[in-house]
Amino acid sequence: QVQLVESGGGLVQAGGSLRLSCAAAAAGRAFSSYAMGWFRQAPGKEREFVAAINWSGGSTYYVDSVKGRFTISRDNAKNTMYLQMNSLKPEDTAVYYCAAVQAFGGKYYYRVNEYHYWGQGTQVTVSS
């Protein structure tokens, strides 16, 4: 089991940057035993995939709409995952969630129903 807490959200103007953090407290397993991901949910819409990272950070995957602007990373020694968001757009406005699932080999995951553990979310608002 792992407990996840997101932070770093806020209000920024279009073109600005934010860095989200997801702090993990694992029970019984090392943080590195989890594949991780970021998802977001805008009002009235379903939760959607943003970025994923495997256990080591050696493999990453992004939704097309954020590729080249967002960077997912993790520091296993600090039990923390990050999402660096640059060149933010109003359409990036959403609640952002971190998620974890026990990893098998070097796999990463990008579907909501593949993840077993979720944080509480942090609001990101991008103004025009």
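Here, every reference points to the structure presented above.
All values reported here derive from a predicted model rather than from experimental measurement.

So, how was this worked out
Residue positions are given per chain, counted from 1 along the sequence in the order it is written. Given that the model is predicted, a residue must reach a pLDDT of at least 70 before its local features are reported, and side-chain atom pairs must reach 80 or more before they are shown or counted; all residues, however, enter totals for whole chains, interfaces and linings. Each side-chain value is derived from all of the structure's non-hydrogen atoms; neither hydrogens nor water enter the calculation. Per-residue accessibility, obtained with a 1.4 Å probe over protein chains only, is compared with the maximum for each type, and a residue is labelled buried under 20%, exposed over 50%, and partly exposed between these values. Per the convention used, a helix needs a DSSP run of H or I reaching at least four residues, while a strand needs a run of E reaching at least two, with both numbered from the N terminus. DSSP bridges decide pairing: two strands pair if at least two such bridges lie between them. A contact between two residues is defined here by any heavy atoms of the two lying within 4.5 Å. The criterion for an aromatic pair is that two Phe, Tyr or Trp rings (for Trp, the six-membered ring) have centres within 6.5 Å, with stacked assigned to planes under 30 degrees apart, edge-to-face to planes over 60 apart and tilted to the rest. By definition here, charges over rings are those cases where NZ of Lys or CZ of Arg is within 6 Å of the ring centre and within 35 degrees of the ring normal. The salt bridge criterion pairs a side-chain nitrogen of Lys or Arg with a carboxyl oxygen of Asp or Glu, the two atoms within 4 Å. For the purposes of this analysis, a disulfide is any pair of cysteine sulfur atoms at a distance within 2.5 Å.

Trainee: How would you explain the pairing of strand β11 (residues 122-127) if you had to name every residue and give the values?
Mentor: Side chains of β11 alternate between two faces, with T122, V124 and V126 buried and Q123, T125 and S127 left unburied. In the sheet, strand β2 (residues 10-13) pairs with β11 via four bridges, with the strands oriented parallel. Each bridged residue has a counterpart across the sheet, and for L11 the counterpart in β11 is T125. Strand direction decides the pairing type here: strand β9 (residues 94-102) and β11, joined by three bridges, are antiparallel.

Trainee: I'd like a description of the side chain of S21, backed by residues and values.
Mentor: By secondary structure assignment, the location of S21 is in strand β3 (residues 18-26). Look at S21 and you get buried, because its relative accessible area is 16%. Apart from the residues lying within four places of it in its own chain, the contact partners of S21 are V5, E6, S7, W38, T80, M81 and Y82.

Trainee: Any chance you could break down the packing of aromatic side chains for me, citing the residues and the numbers?
Mentor: Evaluated as defined, the whole model comprises ten aromatic pairs. Residues Y34 and Y117 carry aromatic rings whose centres are separated by 6.1 Å and whose planes lie at 90 degrees to one another, so their mutual orientation is edge-to-face. With a gap of 83 residues between them, Y34 in strand β4 (residues 34-41) and Y117 in strand β10 (residues 117-118) connect regions that are remote in the sequence. Note on Y109 and Y115: the rings are 6.4 Å apart at their centroids and 85 degrees apart in plane angle, and the pair reads as edge-to-face. Both residues of the pair, Y109 and Y115, belong to the buried class. An aromatic cluster is built from F39, F49, Y61, Y108, Y109, Y110, Y115 and W118, whose rings are joined through pairwise contacts. One cation-aromatic arrangement involves R47 over Y97; the distance from NZ or CZ to the ring centre is 3.7 Å. A cation over an aromatic ring shows up here: R74 above the ring of F31, its NZ or CZ 4.5 Å from the ring centre.

Trainee: Explain the pattern of salt bridges to me, and be specific about the residues and the numbers.
Mentor: Within this structure, the stated rule accounts for four salt bridges. As a salt-bridge pair, R40 and D92 come within 3.0 Å of each other at their nearest N and O atoms. Of this pair, R40 sits in strand β4 while D92 sits in the loop between β8 (80-85) and β9, and the two are 52 residues apart along the sequence. For D92, a relative accessible area of 1% corresponds to the buried category. The structure contains a network of salt bridges with shared partners spanning R40, E48, R69 and D92.

Trainee: Could you give an account of the environment of N76, naming the residues involved and the relevant values?
Mentor: Among the structural elements, N76 can be located in the loop between β7 (70-75) and β8. Assessed through its relative accessible area of 24%, N76 is described here as partly exposed. For the pair N76 and S17, spaced 59 residues apart in sequence, the C-alpha to C-alpha distance is 24 Å. Aside from chain neighbours lying at most four places away, what touches N76 is F31, S32, W55 and S56.

Trainee: I'd like to hear about the state of the cysteines, residue by residue, with values.
Mentor: By definition, a disulfide links the sulfur atoms of two cysteine residues through a covalent bond. Under the defined criterion, the tally for this structure stands at one disulfide. Paired through a disulfide, C22 and C98 show a sulfur-sulfur distance of 2.2 Å. Residues C22 and C98 are joined by a disulfide whose S-S torsion is about 60 degrees; by sign, that bridge is right-handed. With C22 in strand β3 and C98 in strand β9, this pair connects stretches of sequence that are 76 residues apart. Of the residues examined, C22 reaches a relative accessible area of 0% and is grouped as buried.

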